[in-house]
Amino acid sequence: MNVGQQTRARQRITSSRTYLWMQRIQKFLDDYYLDAVAGFLPWGIGDIGSALFSLVYIWFAATKVRSLPLLLAILNNTLRDVMLGMIPFYIGDVIDFFHRANSQNMQLISGFVNGDKEVIHEVNRKAWASAIFIALSLVITALLIWATVEITSWLFNSIMK
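All values reported here derive from a predicted model rather than from experimental measurement.

A word on unusual backbone geometry. A positive phi angle is found at tyrosine 33, which is not glycine, with a value near 60 degrees. Its location among the elements puts tyrosine 33 in the loop between helix H2 (17-31) and helix H3 (34-38). One non-glycine residue, arginine 66, lies in positive phi territory at about 55 degrees.

Structure representation (structure tokens):
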């Protein structure tokens with residue numbers, strides 16, 4: 001792709017309705033602290049509701065930018081935001097005032113689209129961290145399923161004797 005094509009592609013992405021919508025989401029949730037305020041809703045409802053807005057960033061990275069490393073980096077930010085926000089005793093809510101996942105996601109997308117080498121390096125670093133986290137999660141899930149099956153069959157055999 002030559003420089004002119006890259007410039008047109010960059011302009012097409014940054015002027016799209018979705019990109020502009022993501023900027024508004026970032027402004028309302030992070031600049032006006034609605035993400036942190038929503039975290040005060042009980043049982044993690046606010047954190048999960050705020051995370052639903054992150055689906056736009058995930059969709060954008062997957063379909064418009066078409067970058068697996070960017071997608072993994074955004075997933076990393078989003079999951080970290082949800083997990084931090086769900087820390088009990090309002091500690092997670094206080095952390096939400098300082099951890100601005102939507103702003104981070106917009107910076108990653110903007111820097112990646114504009115070819116910022118520092119941002120691309122950060123995206124790749126976060127992508128590797130996300131890939132390792134996902135792989136470990138799959139292994140742990142498989143082990144938990146195996147343990148559940150073994151314990152259930154042991155209990156069933158103990159009861160049937």
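Following the structure, the description resumes.
Attention shifts here to the packing of aromatic side chains. Evaluated as defined, the whole model comprises four aromatic pairs. Relative to phenylalanine 60, the ring of tyrosine 19 has its centre 6.0 Å away and its plane inclined at 50 degrees; by these criteria the two rings are tilted. With tyrosine 19 in helix H2 and phenylalanine 60 in helix H4 (residues 45-65), this pair connects stretches of sequence that are 41 residues apart. You'll find tyrosine 19 and phenylalanine 60 in the same group, each marked buried. Arranged with centres 5.4 Å apart and planes meeting at 65 degrees, the rings of phenylalanine 28 and tyrosine 32 form a pair that is edge-to-face.

It is worth spelling out the pattern of salt bridges at this point. Applying the stated rule across the entire model yields two salt bridges. For the salt bridge of aspartate 31 with arginine 100, the shortest nitrogen-to-oxygen distance reads 3.8 Å. Here the residue aspartate 31 occupies a position in helix H2, and arginine 100 occupies one in the loop between helix H6 (91-98) and helix H7 (101-113), the gap between them amounting to 69 residues. Exposure remark for aspartate 31: the relative accessible area of 35% places this residue in the partly exposed category. The exposure class of arginine 100 is partly exposed, given its relative accessible area of 24%. Among the salt bridges present, the one from lysine 126 reaches glutamate 122, with a minimum N-O distance of 3.5 Å. Residue lysine 126 and its partner glutamate 122 are both found in helix H8 (residues 117-160); the two are separated by four residues, about one turn of the helix. Assessed through its relative accessible area of 28%, glutamate 122 is described here as partly exposed.

Thresholds, definitions, all that
Along every chain, residues carry numbers that run from 1 in the direction the sequence is written. For a predicted model such as this one, the threshold for reporting local features is a pLDDT of at least 70, and the threshold for listing and counting side-chain atom pairs is 80 or more; totals across whole chains, interfaces and linings nevertheless cover every residue. Excluded from the side-chain calculation are hydrogens and water; included are all heavy atoms of the structure. Put simply, DSSP H or I for four residues or longer makes a helix, DSSP E for two residues or longer makes a strand, and each gets a number counted from the N terminus. Aromatic pairing here means that ring centres of Phe, Tyr or Trp (its six-membered ring) are within 6.5 Å. Orientation follows from the plane angle: under 30 degrees is stacked, over 60 is edge-to-face, and everything else is tilted. Here's how the labels work: a residue is buried when its accessible area is under 20% of the maximum for its type, exposed when over 50%, partly exposed in between, all with a 1.4 Å probe on protein chains only. Each salt bridge in this description consists of a side-chain nitrogen of Lys or Arg and a carboxyl oxygen of Asp or Glu lying within 4 Å of one another.

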